[in-house]
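Residue-level structure breakdown
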Amino acid sequence: MKVLIAGGSGFLGTALRNSLTGDGHEVFILTRQGSKDPGEIQWDGKTTNGWGHVVNDMDAVVNLTGYGLEHWPWTRRQKRKFRDSRVIPGRALVSAIENAGRRPRVFLQTSGVNRYGLRGEGIADESTPPGPDFLGQLTIPWEDATRPVEELGVRRVIVRNAVVIDRKGGLFPLMTLAPRLFFGGTFGNGKQAVPWIHIADQTNAMRFLLAHENAHGPFNLIAPQPASSAEFMRTVTTALRRPYWFHVPKFLLRLVLGEMSVLLTEGRYSQPKRLIELGFQFQFGELKKAMEDLLVRKLPVQSGT
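Everything numeric here is computed off the predicted structure, so don't read it as measured data.

Scoring rules and cut-offs
Residues numbered from 1 in each chain as written. Predicted model: local features only at pLDDT ≥ 70, side-chain atom pairs only at ≥ 80, totals over all residues. Heavy atoms only, no water. 1 Å grid on protein atoms, 1.4 Å probe; cavity = no way out; pocket = protein on both sides within 12 Å on 5 of 7 lines; lining within 4 Å. Points joined across faces, edges and corners; volume = space filled by probe spheres on them. Nonpolar A, V, L, I, M, F, W, Y, C, P; charged D, E, K, R; others polar. Pairing = 2+ DSSP bridges. Helix = DSSP H or I, 4+ residues; strand = E, 2+ residues; numbered from the N terminus. Axes fitted to C-alpha atoms, helices over the stretch in contact; angles between N-to-C directions. Contact = heavy atoms within 4.5 Å. Patch = residues over 30% accessible without salt bridge, like charges linked within 9 Å, V, L, I, M, F, W, Y side chains within 5 Å. Areas by Shrake-Rupley, 256 points an atom, 1.4 Å probe, with all protein chains shown as cover. Salt bridge = Lys/Arg side-chain N within 4 Å of Asp/Glu carboxyl O. Buried < 20%, exposed > 50% of the residue type's maximum accessible area, 1.4 Å probe, protein only. Core = buried A, V, L, I, M, F, W, Y, C linked by side-chain atoms within 4.5 Å.

Here we come to empty space enclosed by the protein. According to the stated counting rule, one finds 1 cavity of 30 Å³ or more in the structure shown. Estimates place the volume of the largest cavity at around 60 Å³. Of the residues assigned to the lining of the largest cavity, the class counts are 9 nonpolar, 2 polar and 1 charged.

Below, the structure written as structure tokens:
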């Protein structure tokens, strides 16, 4: 299978690329950086100039583009960048597929499990409507940007990602920094959900959905075991053999980080309902097992499809 990944130079794209190439698949990366690697193709993230023709040879297209929400502060200009960096590249990919003589069989679009809002009663699943807050509303144009590929006969899968925990990248190294320095504890009241998924399950689930002909529409990529902020951080400190004692109040985080503090102090519980119904098996569905793998010892990781 030939796979084109937009936004594939980050830690998630790198993990997916390594997983696919390790099983003999051909992977090509769309990157804004110049590269001599024949598997990396330069683009501007806005148009199909110079690269659009490569879609003719692809069996699958994966869209991982999007400026990281961890960038501070969340000014009006920053929020516009969050939106544009997700919507504009998606539209460019649609344009390339529309003009292709041979279209890919499947298109995998990333989104966020925070689509359901940072607050709400009950456990959210894929049928839960978008939340009214900034993060919930951000996912609407993000997902809609690539909807037209469905009208072109391409199977589209939307993966609504939780926090992907990986020892080498993403937010997890930052989340474990304070515990490593003996300041382990929780943020706010500790009752808010921390949506999480192990990097191995993330990549395997994406490959599972790319390969499964009956997979279409949204899927929550989140571990089946829910965890509060207090449970998550206590499990981290236990795995690291560090104390759990330090509490950062919500008002202080709001004072320092502004609106961005909601990433630490708010969170709604969600479940991977459709992914489980389709038959996906999690390797690290339990938080303790995931932390032991990332922080204590390395276990054998099963390959995807």
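Let us look at the sheet that holds strand β4 (residues 60-63). Across the sheet, which stays open at both edges, the 7 strands sit in the order β3-β2-β1-β4-β5-β6-β10 with parallel pairing between neighbours. Each having just a single partner strand, β3 (40-42) and β10 (217-221) make up the two edges of the open sheet. Taking each pair of neighbouring strands and ignoring which way they run, the sheet shows an average axis angle of 20°. Packing against the sheet, helix α2 (residues 76-98) makes contact with β1 (2-6), β2 (26-31), β4 and β5 (106-112), and its axis sits at approximately 165° to β4.

Next up on the list: a nonpolar patch on the surface. Together, Leu 171, Leu 174, Leu 177, Leu 181, Phe 183, Trp 245 and Phe 246 make up a nonpolar patch on the protein surface, roughly 700 Å² of accessible area in all. With relative accessibility at 51%, the residue Leu 181 sits in the exposed group.

Applying the stated criterion across every chain, the model contains 15 salt bridges. For Asp 59, the salt bridge goes to Arg 105, with nearest N and O atoms at 3.3 Å. Remark: Arg 105 occurs in the loop between α2 and β5 and Asp 59 occurs in the loop between β3 and β4; sequence separation between them is 46 residues. Using a relative accessible area of 12% as the deciding quantity, one classes Asp 59 as buried. Looking at Arg 105, the relative accessible area reads 49%, which means it is partly exposed. In the salt-bridge network here, residues are joined through shared partners; they are Arg 17, Asp 37 and Glu 40.

Before going further, it helps to examine the environment of Ala 230. Along the chain, the position of Ala 230 falls in helix α8 (residues 229-240). A sequence separation of 40 residues divides Ala 230 from Gly 190, and the C-alpha atoms of the two residues are 4.5 Å apart.

If you look at the biggest cluster of nonpolar residues, it comprises 33 residues, and the most contacted ones within it are Ile 5, Val 62, Met 206, Leu 209, Leu 221 and Leu 275. When contributions to this core are tallied by element, the ones reaching two or more residues are β1, α1 (11-22), β2, β4, β5, β6 (155-161), α7 (199-211) and β10. Looking at this core element by element, the count peaks at 6 residues for α7. The residues contacting Leu 221, other than those within four sequence positions of it, are Val 159, Arg 160, Asn 161, Ala 162, Ile 197, Gln 202, Ala 205, Met 206, Leu 209 and Leu 275. Listed in part, the 20 residues of the second largest apolar core include Val 55, Phe 107, Val 149 and Val 154.

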